[in-house]
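Structural features, examined
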Amino acid sequence: MQKLFERIDGLEEAAVSLTQDLIRIPTVNPPGDAYTPCAELIGERLRAAGFDVVYERGEGTPGDSDKHPRTNIVARREGRRPGPCLHFNGHIDVVEPGEGWTRDPYGAEVEDGRIYGRGSCDMKGGIAASIIAAEAILQEGVPFDGAIEISGTVDEETGGYGGVAYLAGKGFFSKPRVDHVIIPEPLNVDRVCVGHRGVWWAEVCTHGHIAHGSMPFLGDCAVRHMGAFLDKLESDLYPALADRQTAMPVVPEGAKQSTLNIASIHGGLPDNFNGLPSSLVPDLCKVILDRRFLIEEPLDQVKAEIVALLDALEKERPGFRYDVRDIMEFEPTLTDLEAPVVQAVSDQIEAQFGHKPETICSPGTYDQKHVFRIGQLKDCIAYGPGILDLAHQPDEYIEIDAIMTSAKVMAGAALTLLNGETASS
Ligand SMILES: [Zn+2]
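These numbers come from a predicted model, not from an experiment.

As a further point, take the packing of helix α6 (residues 222–243) against helix α7 (residues 299–316). At a closest axis distance of 10 Å, the pairing of α6 and α7 adopts a crossing angle of 125°. When the axes of α6 and α7 are compared, the pair comes out oblique. Classified by chirality, the crossing of α7 by α6 is right-handed. Where α6 approaches α7, its residues Ala 228, Phe 229, Lys 232, Asp 236 and Leu 237 are matched on the opposing element by Glu 305, Leu 309, Leu 310 and Leu 313. The class makeup of the residues in the contact of α6 with α7 is six nonpolar, no polar and three charged.

Below is the structure:
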(Lines give C-alpha, C1' and ligand atoms only; values in the text may rest on other atoms or scores of the structure.)
Protein backbone atom coordinates (compact mmCIF):
# COMPACT_ATOMS: atom_id res chain seq x y z
CA MET A 1 0.00 0.00 0.00
CA GLN A 2 2.76 2.41 0.95
CA LYS A 3 4.44 2.09 -2.45
CA LEU A 4 1.10 2.56 -4.14
CA PHE A 5 0.44 5.74 -2.16
CA GLU A 6 3.88 7.06 -3.06
CA ARG A 7 3.09 6.34 -6.69
CA ILE A 8 -0.12 8.37 -6.32
CA ASP A 9 1.83 11.25 -4.75
CA GLY A 10 4.04 11.21 -7.84
CA LEU A 11 1.00 11.60 -10.06
CA GLU A 12 -0.12 14.94 -8.64
CA GLU A 13 0.80 16.89 -11.75
CA ALA A 14 -1.03 14.37 -13.91
CA ALA A 15 -4.11 14.64 -11.67
CA VAL A 16 -4.12 18.43 -11.90
CA SER A 17 -3.76 18.54 -15.66
CA LEU A 18 -6.42 15.85 -16.14
CA THR A 19 -8.85 17.80 -13.95
CA GLN A 20 -8.04 20.96 -15.89
CA ASP A 21 -8.57 19.24 -19.24
CA LEU A 22 -11.98 18.00 -18.06
CA ILE A 23 -13.03 21.43 -16.76
CA ARG A 24 -12.04 23.08 -20.04
CA ILE A 25 -14.66 21.06 -21.90
CA PRO A 26 -17.91 22.91 -21.10
CA THR A 27 -20.33 20.00 -20.72
CA VAL A 28 -23.22 22.23 -19.70
CA ASN A 29 -26.53 20.51 -19.09
CA PRO A 30 -29.07 21.48 -20.19
CA PRO A 31 -28.70 21.27 -23.15
CA GLY A 32 -25.91 18.66 -22.91
CA ASP A 33 -23.04 20.40 -24.68
CA ALA A 34 -19.74 18.75 -25.63
CA TYR A 35 -20.52 15.35 -24.14
CA THR A 36 -18.74 13.46 -26.92
CA PRO A 37 -15.33 15.19 -26.66
CA CYS A 38 -15.42 14.86 -22.86
CA ALA A 39 -16.32 11.16 -23.05
CA GLU A 40 -13.55 10.65 -25.61
CA LEU A 41 -10.99 12.42 -23.43
CA ILE A 42 -11.74 9.93 -20.64
CA GLY A 43 -12.08 6.95 -22.97
CA GLU A 44 -8.86 7.47 -24.90
CA ARG A 45 -6.89 8.07 -21.74
CA LEU A 46 -8.17 4.84 -20.22
CA ARG A 47 -7.61 2.96 -23.47
CA ALA A 48 -3.96 4.04 -23.27
CA ALA A 49 -3.87 2.56 -19.75
CA GLY A 50 -5.06 -0.80 -21.08
CA PHE A 51 -8.82 -0.53 -20.54
CA ASP A 52 -11.41 -1.85 -22.98
CA VAL A 53 -13.56 1.16 -23.85
CA VAL A 54 -17.10 1.41 -25.17
CA TYR A 55 -19.16 4.50 -25.96
CA GLU A 56 -22.87 4.12 -25.38
CA ARG A 57 -25.20 6.82 -26.62
CA GLY A 58 -28.40 7.15 -24.65
CA GLU A 59 -30.37 7.12 -27.86
CA GLY A 60 -33.91 8.42 -27.58
CA THR A 61 -33.51 9.58 -23.97
CA PRO A 62 -34.64 13.12 -23.00
CA GLY A 63 -32.52 15.75 -24.79
CA ASP A 64 -30.75 13.26 -27.07
CA SER A 65 -30.24 14.52 -30.62
CA ASP A 66 -27.52 14.50 -33.26
CA LYS A 67 -26.60 17.99 -32.07
CA HIS A 68 -26.57 16.94 -28.41
CA PRO A 69 -25.86 13.20 -28.35
CA ARG A 70 -25.98 11.64 -24.87
CA THR A 71 -22.52 10.04 -25.14
CA ASN A 72 -21.49 7.85 -22.21
CA ILE A 73 -18.17 6.07 -21.84
CA VAL A 74 -17.59 2.81 -19.96
CA ALA A 75 -14.09 1.39 -19.56
CA ARG A 76 -13.11 -1.98 -18.11
CA ARG A 77 -9.76 -3.43 -17.22
CA GLU A 78 -9.60 -7.11 -16.33
CA GLY A 79 -7.40 -8.28 -13.48
CA ARG A 80 -5.18 -11.36 -13.28
CA ARG A 81 -8.06 -13.81 -12.75
CA PRO A 82 -11.87 -13.72 -12.54
CA GLY A 83 -13.34 -12.06 -9.47
CA PRO A 84 -15.51 -9.17 -8.34
CA CYS A 85 -15.74 -5.90 -10.25
CA LEU A 86 -15.46 -2.43 -8.72
CA HIS A 87 -16.98 0.35 -10.80
CA PHE A 88 -16.25 4.08 -10.42
CA ASN A 89 -19.04 6.17 -11.91
CA GLY A 90 -18.78 9.91 -12.47
CA HIS A 91 -21.15 12.24 -14.28
CA ILE A 92 -19.49 14.43 -16.89
CA ASP A 93 -22.26 17.04 -17.12
CA VAL A 94 -22.14 20.33 -15.23
CA VAL A 95 -24.73 22.99 -14.51
CA GLU A 96 -24.47 26.36 -16.24
CA PRO A 97 -22.01 28.79 -14.63
CA GLY A 98 -24.62 31.44 -13.72
CA GLU A 99 -23.71 34.89 -12.38
CA GLY A 100 -21.08 35.99 -9.89
CA TRP A 101 -17.86 34.45 -11.16
CA THR A 102 -14.58 36.28 -10.57
CA ARG A 103 -12.72 33.73 -12.74
CA ASP A 104 -13.21 32.08 -16.10
CA PRO A 105 -15.60 29.18 -15.37
CA TYR A 106 -13.79 27.07 -17.97
CA GLY A 107 -10.28 28.43 -17.41
CA ALA A 108 -9.31 25.83 -14.78
CA GLU A 109 -6.99 28.31 -13.06
CA VAL A 110 -4.80 26.91 -10.30
CA GLU A 111 -4.20 29.05 -7.22
CA ASP A 112 -3.34 28.23 -3.60
CA GLY A 113 -3.75 24.51 -4.10
CA ARG A 114 -7.15 24.85 -5.72
CA ILE A 115 -8.40 24.34 -9.26
CA TYR A 116 -11.25 26.70 -10.14
CA GLY A 117 -13.99 26.12 -12.65
CA ARG A 118 -17.51 24.93 -13.26
CA GLY A 119 -17.61 21.24 -12.52
CA SER A 120 -14.25 21.24 -10.71
CA CYS A 121 -15.88 20.01 -7.51
CA ASP A 122 -19.10 18.56 -9.01
CA MET A 123 -17.54 16.34 -10.20
CA LYS A 124 -14.63 16.40 -12.59
CA GLY A 125 -12.10 16.39 -9.74
CA GLY A 126 -13.72 13.17 -8.53
CA ILE A 127 -13.55 11.59 -11.98
CA ALA A 128 -9.86 12.54 -12.21
CA ALA A 129 -9.22 11.02 -8.76
CA SER A 130 -10.72 7.68 -9.78
CA ILE A 131 -8.69 7.61 -13.02
CA ILE A 132 -5.47 8.45 -11.15
CA ALA A 133 -6.23 5.72 -8.59
CA ALA A 134 -6.61 3.13 -11.36
CA GLU A 135 -3.56 4.34 -13.28
CA ALA A 136 -1.45 4.16 -10.12
CA ILE A 137 -2.49 0.54 -9.47
CA LEU A 138 -1.60 -0.38 -13.05
CA GLN A 139 1.67 1.55 -13.19
CA GLU A 140 2.79 0.06 -9.91
CA GLY A 141 1.93 -3.37 -11.26
CA VAL A 142 -0.19 -4.26 -8.22
CA PRO A 143 -1.96 -7.53 -9.08
CA PHE A 144 -5.71 -7.52 -8.62
CA ASP A 145 -8.50 -9.99 -9.19
CA GLY A 146 -11.70 -9.32 -11.07
CA ALA A 147 -11.97 -6.03 -12.86
CA ILE A 148 -11.90 -2.27 -12.44
CA GLU A 149 -14.43 -0.23 -14.39
CA ILE A 150 -14.63 3.54 -14.80
CA SER A 151 -17.53 5.29 -16.47
CA GLY A 152 -18.22 8.88 -17.45
CA THR A 153 -21.96 9.36 -17.77
CA VAL A 154 -24.29 12.15 -18.82
CA ASP A 155 -27.33 14.01 -17.56
CA GLU A 156 -27.00 13.44 -13.81
CA GLU A 157 -28.01 17.05 -13.27
CA THR A 158 -31.30 16.45 -15.09
CA GLY A 159 -32.24 13.06 -13.66
CA GLY A 160 -29.68 10.75 -15.25
CA TYR A 161 -32.08 9.24 -17.80
CA GLY A 162 -29.59 9.29 -20.69
CA GLY A 163 -26.71 8.31 -18.42
CA VAL A 164 -26.73 5.86 -15.52
CA ALA A 165 -30.44 5.01 -15.94
CA TYR A 166 -29.88 4.16 -19.60
CA LEU A 167 -26.77 2.10 -18.93
CA ALA A 168 -28.38 0.35 -15.96
CA GLY A 169 -31.21 -0.67 -18.29
CA LYS A 170 -28.60 -2.38 -20.46
CA GLY A 171 -27.04 -4.29 -17.57
CA PHE A 172 -24.00 -2.11 -17.00
CA PHE A 173 -24.79 -1.68 -13.30
CA SER A 174 -25.87 -5.20 -12.38
CA LYS A 175 -24.36 -8.45 -11.26
CA PRO A 176 -22.58 -10.44 -12.57
CA ARG A 177 -20.88 -7.62 -14.47
CA VAL A 178 -20.44 -5.29 -11.47
CA ASP A 179 -20.36 -5.96 -7.70
CA HIS A 180 -19.44 -2.64 -6.07
CA VAL A 181 -19.99 0.96 -7.16
CA ILE A 182 -18.31 4.15 -5.94
CA ILE A 183 -19.69 7.45 -7.22
CA PRO A 184 -17.06 10.18 -6.61
CA GLU A 185 -19.55 12.99 -5.91
CA PRO A 186 -18.21 15.91 -3.85
CA LEU A 187 -19.39 14.95 -0.38
CA ASN A 188 -16.18 15.89 1.47
CA VAL A 189 -13.11 13.74 1.38
CA ASP A 190 -13.54 12.19 4.85
CA ARG A 191 -17.20 11.23 4.61
CA VAL A 192 -19.03 8.27 3.14
CA CYS A 193 -22.45 8.90 1.65
CA VAL A 194 -24.75 5.90 1.82
CA GLY A 195 -27.91 7.24 0.23
CA HIS A 196 -30.33 10.08 -0.25
CA ARG A 197 -33.86 11.27 0.47
CA GLY A 198 -36.66 10.74 -2.02
CA VAL A 199 -37.95 13.35 -4.43
CA TRP A 200 -41.34 14.05 -5.94
CA TRP A 201 -41.73 16.86 -8.46
CA ALA A 202 -45.29 17.76 -9.33
CA GLU A 203 -47.25 20.51 -11.02
CA VAL A 204 -50.44 21.69 -9.38
CA CYS A 205 -52.89 23.76 -11.45
CA THR A 206 -55.90 25.66 -10.25
CA HIS A 207 -58.53 26.58 -12.78
CA GLY A 208 -60.85 29.58 -12.98
CA HIS A 209 -62.92 31.39 -15.53
CA ILE A 210 -61.71 34.25 -17.74
CA ALA A 211 -63.53 37.62 -17.63
CA HIS A 212 -62.87 41.37 -17.95
CA GLY A 213 -60.67 42.60 -15.12
CA SER A 214 -63.09 45.42 -14.31
CA MET A 215 -65.81 42.85 -13.56
CA PRO A 216 -63.99 40.05 -11.79
CA PHE A 217 -67.31 38.87 -10.32
CA LEU A 218 -68.17 37.63 -13.83
CA GLY A 219 -65.10 35.38 -13.81
CA ASP A 220 -63.33 33.20 -11.32
CA CYS A 221 -59.72 33.98 -10.42
CA ALA A 222 -57.40 30.97 -10.62
CA VAL A 223 -54.69 32.91 -8.75
CA ARG A 224 -56.96 33.40 -5.73
CA HIS A 225 -57.70 29.69 -5.73
CA MET A 226 -53.96 29.01 -5.79
CA GLY A 227 -53.54 31.48 -2.92
CA ALA A 228 -55.99 29.41 -0.89
CA PHE A 229 -53.93 26.29 -1.64
CA LEU A 230 -50.69 28.02 -0.59
CA ASP A 231 -52.43 29.09 2.64
CA LYS A 232 -53.29 25.47 3.34
CA LEU A 233 -49.67 24.46 2.78
CA GLU A 234 -48.56 27.10 5.29
CA SER A 235 -51.14 26.29 7.93
CA ASP A 236 -51.39 22.51 7.60
CA LEU A 237 -48.52 20.95 5.70
CA TYR A 238 -45.38 22.89 6.63
CA PRO A 239 -45.81 22.37 10.40
CA ALA A 240 -46.45 18.66 9.82
CA LEU A 241 -43.31 18.33 7.66
CA ALA A 242 -41.18 20.06 10.28
CA ASP A 243 -42.27 17.44 12.82
CA ARG A 244 -41.07 14.51 10.70
CA GLN A 245 -37.45 13.62 11.33
CA THR A 246 -35.62 10.81 9.60
CA ALA A 247 -33.38 8.27 11.24
CA MET A 248 -31.13 8.48 8.14
CA PRO A 249 -27.93 10.51 8.74
CA VAL A 250 -28.90 13.24 6.26
CA VAL A 251 -26.75 16.37 6.14
CA PRO A 252 -27.10 19.24 6.66
CA GLU A 253 -29.17 19.02 9.85
CA GLY A 254 -32.10 20.96 8.34
CA ALA A 255 -32.55 18.26 5.71
CA LYS A 256 -33.25 15.60 8.35
CA GLN A 257 -36.84 16.79 8.23
CA SER A 258 -39.24 16.40 5.37
CA THR A 259 -39.16 19.45 3.06
CA LEU A 260 -41.19 21.19 0.39
CA ASN A 261 -39.95 23.87 -1.96
CA ILE A 262 -42.39 25.79 -4.12
CA ALA A 263 -40.13 25.98 -7.14
CA SER A 264 -42.23 28.26 -9.32
CA ILE A 265 -45.60 29.94 -9.59
CA HIS A 266 -47.30 31.32 -12.61
CA GLY A 267 -50.74 32.67 -13.38
CA GLY A 268 -52.35 35.26 -15.63
CA LEU A 269 -50.22 37.46 -17.90
CA PRO A 270 -47.00 36.00 -19.27
CA ASP A 271 -44.18 36.92 -16.91
CA ASN A 272 -42.21 38.58 -19.74
CA PHE A 273 -45.05 40.93 -20.84
CA ASN A 274 -44.18 44.44 -21.99
CA GLY A 275 -46.21 47.60 -21.93
CA LEU A 276 -49.52 47.71 -20.14
CA PRO A 277 -51.18 44.60 -18.74
CA SER A 278 -54.37 43.50 -20.40
CA SER A 279 -57.39 43.48 -18.17
CA LEU A 280 -58.22 39.86 -17.57
CA VAL A 281 -59.19 37.54 -14.77
CA PRO A 282 -56.69 34.65 -14.95
CA ASP A 283 -58.24 31.30 -15.63
CA LEU A 284 -55.15 29.23 -14.86
CA CYS A 285 -52.47 29.23 -12.19
CA LYS A 286 -49.64 26.71 -11.84
CA VAL A 287 -47.09 25.90 -9.19
CA ILE A 288 -44.24 23.42 -9.30
CA LEU A 289 -43.71 21.52 -6.07
CA ASP A 290 -40.32 20.04 -5.17
CA ARG A 291 -41.06 17.68 -2.33
CA ARG A 292 -38.17 15.85 -0.65
CA PHE A 293 -39.35 12.98 1.49
CA LEU A 294 -37.91 10.65 4.06
CA ILE A 295 -37.35 6.92 3.95
CA GLU A 296 -40.00 6.70 6.68
CA GLU A 297 -42.64 8.30 4.40
CA PRO A 298 -44.31 6.15 1.73
CA LEU A 299 -44.47 8.00 -1.59
CA ASP A 300 -48.21 7.35 -2.01
CA GLN A 301 -48.77 9.07 1.34
CA VAL A 302 -46.61 12.01 0.27
CA LYS A 303 -48.82 12.47 -2.78
CA ALA A 304 -52.06 11.76 -0.93
CA GLU A 305 -51.56 14.50 1.63
CA ILE A 306 -51.30 17.11 -1.13
CA VAL A 307 -54.41 15.75 -2.82
CA ALA A 308 -56.24 15.75 0.54
CA LEU A 309 -55.59 19.49 0.95
CA LEU A 310 -56.85 20.14 -2.57
CA ASP A 311 -59.93 17.97 -2.02
CA ALA A 312 -60.70 19.88 1.17
CA LEU A 313 -60.54 23.15 -0.79
CA GLU A 314 -62.88 21.71 -3.40
CA LYS A 315 -65.46 21.29 -0.64
CA GLU A 316 -64.78 24.65 1.03
CA ARG A 317 -64.39 26.99 -1.96
CA PRO A 318 -67.09 27.40 -4.61
CA GLY A 319 -65.67 26.89 -8.09
CA PHE A 320 -62.37 25.39 -6.88
CA ARG A 321 -61.00 23.00 -9.49
CA TYR A 322 -57.52 21.57 -9.67
CA ASP A 323 -55.30 18.97 -11.20
CA VAL A 324 -51.98 17.46 -10.20
CA ARG A 325 -49.42 16.19 -12.67
CA ASP A 326 -46.46 14.03 -11.68
CA ILE A 327 -43.20 15.27 -13.20
CA MET A 328 -40.56 13.07 -11.58
CA GLU A 329 -40.26 10.79 -8.59
CA PHE A 330 -37.53 8.73 -6.99
CA GLU A 331 -37.67 6.73 -3.79
CA PRO A 332 -35.05 7.28 -1.08
CA THR A 333 -32.09 4.91 -1.14
CA LEU A 334 -29.99 3.66 1.75
CA THR A 335 -27.06 1.28 1.51
CA ASP A 336 -26.54 -1.15 4.38
CA LEU A 337 -23.83 0.24 6.66
CA GLU A 338 -22.27 -3.23 6.79
CA ALA A 339 -22.01 -3.43 2.98
CA PRO A 340 -18.51 -4.25 1.67
CA VAL A 341 -18.01 -0.96 -0.19
CA VAL A 342 -18.96 1.07 2.90
CA GLN A 343 -16.53 -0.89 5.03
CA ALA A 344 -13.67 -0.78 2.51
CA VAL A 345 -13.88 2.97 1.91
CA SER A 346 -14.39 3.73 5.62
CA ASP A 347 -11.27 1.74 6.54
CA GLN A 348 -9.21 3.63 3.96
CA ILE A 349 -10.49 7.00 5.13
CA GLU A 350 -9.58 6.07 8.69
CA ALA A 351 -6.10 5.04 7.53
CA GLN A 352 -5.64 8.40 5.76
CA PHE A 353 -7.13 10.71 8.38
CA GLY A 354 -6.65 8.82 11.62
CA HIS A 355 -10.33 9.07 12.50
CA LYS A 356 -13.45 7.21 11.52
CA PRO A 357 -15.39 8.79 8.65
CA GLU A 358 -18.71 10.43 9.13
CA THR A 359 -21.43 8.39 7.44
CA ILE A 360 -23.97 10.64 5.78
CA CYS A 361 -26.91 10.77 3.40
CA SER A 362 -27.40 13.42 0.75
CA PRO A 363 -30.35 15.83 0.92
CA GLY A 364 -30.79 15.56 -2.85
CA THR A 365 -30.69 12.54 -5.10
CA TYR A 366 -27.87 11.45 -7.36
CA ASP A 367 -27.27 8.52 -9.69
CA GLN A 368 -27.24 5.94 -6.88
CA LYS A 369 -31.02 5.70 -7.31
CA HIS A 370 -30.62 4.13 -10.77
CA VAL A 371 -27.95 1.69 -9.58
CA PHE A 372 -30.38 0.58 -6.84
CA ARG A 373 -33.65 0.57 -8.70
CA ILE A 374 -32.72 -0.44 -12.25
CA GLY A 375 -29.41 -2.20 -11.62
CA GLN A 376 -30.69 -3.90 -8.45
CA LEU A 377 -27.20 -3.41 -7.04
CA LYS A 378 -27.16 -2.38 -3.39
CA ASP A 379 -23.41 -2.17 -2.77
CA CYS A 380 -23.08 1.45 -3.83
CA ILE A 381 -21.92 4.66 -2.17
CA ALA A 382 -20.89 8.18 -3.05
CA TYR A 383 -17.38 9.09 -2.00
CA GLY A 384 -15.18 11.74 -3.52
CA PRO A 385 -13.17 14.94 -3.13
CA GLY A 386 -14.75 18.38 -2.98
CA ILE A 387 -16.85 20.40 -0.59
CA LEU A 388 -20.54 19.71 -1.08
CA ASP A 389 -21.56 23.34 -0.47
CA LEU A 390 -19.44 24.55 -3.42
CA ALA A 391 -21.36 22.50 -5.98
CA HIS A 392 -23.31 24.69 -8.41
CA GLN A 393 -21.86 27.89 -6.88
CA PRO A 394 -19.86 30.67 -8.59
CA ASP A 395 -16.08 30.31 -8.19
CA GLU A 396 -16.49 26.57 -7.61
CA TYR A 397 -13.15 24.92 -6.88
CA ILE A 398 -11.57 21.62 -5.94
CA GLU A 399 -8.63 21.26 -3.56
CA ILE A 400 -5.73 19.40 -5.13
CA ASP A 401 -4.94 17.74 -1.78
CA ALA A 402 -8.47 16.35 -1.67
CA ILE A 403 -8.11 14.86 -5.15
CA MET A 404 -4.87 13.17 -4.13
CA THR A 405 -6.12 11.88 -0.78
CA SER A 406 -9.34 10.57 -2.27
CA ALA A 407 -7.35 8.82 -5.02
CA LYS A 408 -5.46 6.97 -2.26
CA VAL A 409 -8.71 6.03 -0.55
CA MET A 410 -10.16 4.80 -3.85
CA ALA A 411 -7.05 2.81 -4.78
CA GLY A 412 -6.83 1.25 -1.33
CA ALA A 413 -10.53 0.41 -1.31
CA ALA A 414 -10.21 -1.13 -4.77
CA LEU A 415 -7.54 -3.55 -3.59
CA THR A 416 -9.55 -4.39 -0.48
CA LEU A 417 -12.68 -5.12 -2.48
CA LEU A 418 -10.96 -6.98 -5.32
CA ASN A 419 -8.27 -8.86 -3.42
CA GLY A 420 -9.83 -9.09 0.02
CA GLU A 421 -6.94 -7.20 1.62
CA THR A 422 -7.42 -4.80 4.50
CA ALA A 423 -6.18 -1.29 5.15
CA SER A 424 -3.36 -2.49 7.39
CA SER A 425 -2.07 -5.28 5.13
ZN1 LIG B 1 -22.77 15.85 -9.02
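From this point, the narrative continues.
With that out of the way, let us pick up the environment of Thr 365. The topology assignment puts Thr 365 in the loop between β14 (358–362) and α9 (368–373). Counting along the chain gives 170 residues from Thr 365 to Gly 195, while the straight-line C-alpha distance between them is 8.0 Å. Beyond its immediate chain neighbours, meaning those up to four positions away, Thr 365 contacts His 196, Val 199 and Phe 330.

Let us look at the sheet that holds strand β16 (residues 397–399). Picture the strands of a sheet paired through backbone hydrogen bonds; they go either parallel or antiparallel. Read across the open sheet, the three strands follow the order β4-β5-β16; overall the sheet is antiparallel. For this open sheet the edge positions go to β4 (110–111) and β16, each flanked by a neighbour on one side alone. Of the strand pairs in this sheet, β4 and strand β5 (residues 114–116) are connected by two bridges, and their pairing is antiparallel. Paired with Glu 111 across the two strands is Arg 114, which belongs to β5. Each of β4, β5 and β16 touches helix α2 (residues 12–23); the most contacted strand, β5, lies at about 15° to it. Here helix α4 (residues 120–140) sits on the sheet and contacts β5 and β16; the angle it forms with β16, its principal contact strand, is near 40°.

Attention shifts here to the domain arrangement of the protein chain. Domain annotation of the protein chain identifies domain 1 (2–196 + 332–419) and domain 2 (198–330). When each unit is reduced to the centre of its C-alpha atoms, the spacing between domain 1 and domain 2 is 36 Å. Tallying the contact residues gives ten residues for domain 1 and twelve residues for domain 2. Looking at the side of domain 1 that touches domain 2 element by element, the count peaks at three residues for β14. Within the side of domain 1 that touches domain 2, the residues separate by chemical class into five nonpolar, four polar and one charged.

Moving on, we get to the sheet that holds strand β12 (residues 321–330). Within the open sheet, the four strands sit side by side as β10-β11-β9-β12. Their pairing is antiparallel. A strand with exactly one partner marks an edge of an open sheet, and here the two such strands are β10 (259–267) and β12. The average undirected angle you get between the axes of adjacent strands in this sheet is 15°. When strand β9 (residues 198–207) meets β12, the two strands line up antiparallel, connected through nine bridges.

So, on to α4. Burial analysis of α4 places 18 of its 21 residues in the buried class, which makes it a mostly covered element. Taken from the residues just after α4, Gly 141 is the one with a positive phi, measuring 70°.

At their nearest, the axes of α2 and helix α10 (residues 400–419) sit 10 Å apart, and the two run at 115° to each other. Taken together, the axis directions place α2 and α10 in an arrangement best described as roughly perpendicular. In terms of crossing hand, the pair formed by α2 and α10 is right-handed. Note on element contacts: α10 touches α2 through Ile 400, Ile 403, Met 404 and Ala 407, opposite Glu 12, Ala 15, Val 16 and Thr 19. Among the residues making up the contact of α2 with α10, the classes are represented as six nonpolar, one polar and one charged.

Here the focus is the nonpolar core. Of all hydrophobic cores here, the largest spans 90 residues; its most connected members are Ala 133, Val 345, Ile 381, Ala 407, Met 410 and Ala 414. With 13 residues, α10 is the single largest residue contributor to this core. The residues touching Met 410, leaving out its near neighbours within four places in the chain, are Phe 88, Ala 129, Ser 130, Ala 133 and Ile 182. Formed by eleven residues, the second largest nonpolar core is a distinct cluster that contains Ala 222, Ile 306, Leu 309 and Phe 320.

The rules behind each value
Residues numbered from 1 in each chain as written. Predicted model: local features only at pLDDT ≥ 70, side-chain atom pairs only at ≥ 80, totals over all residues. Axes fitted to C-alpha atoms, helices over the stretch in contact; angles between N-to-C directions. Helix = DSSP H or I, 4+ residues; strand = E, 2+ residues; numbered from the N terminus. Parallel < 35°, antiparallel > 145°, perpendicular 65-115°, else oblique. Left-handed = near helix turned anticlockwise from the far one by under 90°. Contact = placed C-beta atoms within 7 Å. Nonpolar A, V, L, I, M, F, W, Y, C, P; charged D, E, K, R; others polar. Pairing = 2+ DSSP bridges. Domains from an automatic or database assignment. Buried ≥ 20, exposed ≤ 12 C-beta atoms within 10 Å, placed from the backbone. Core = buried A, V, L, I, M, F, W, Y, C linked by C-beta atoms within 7 Å.

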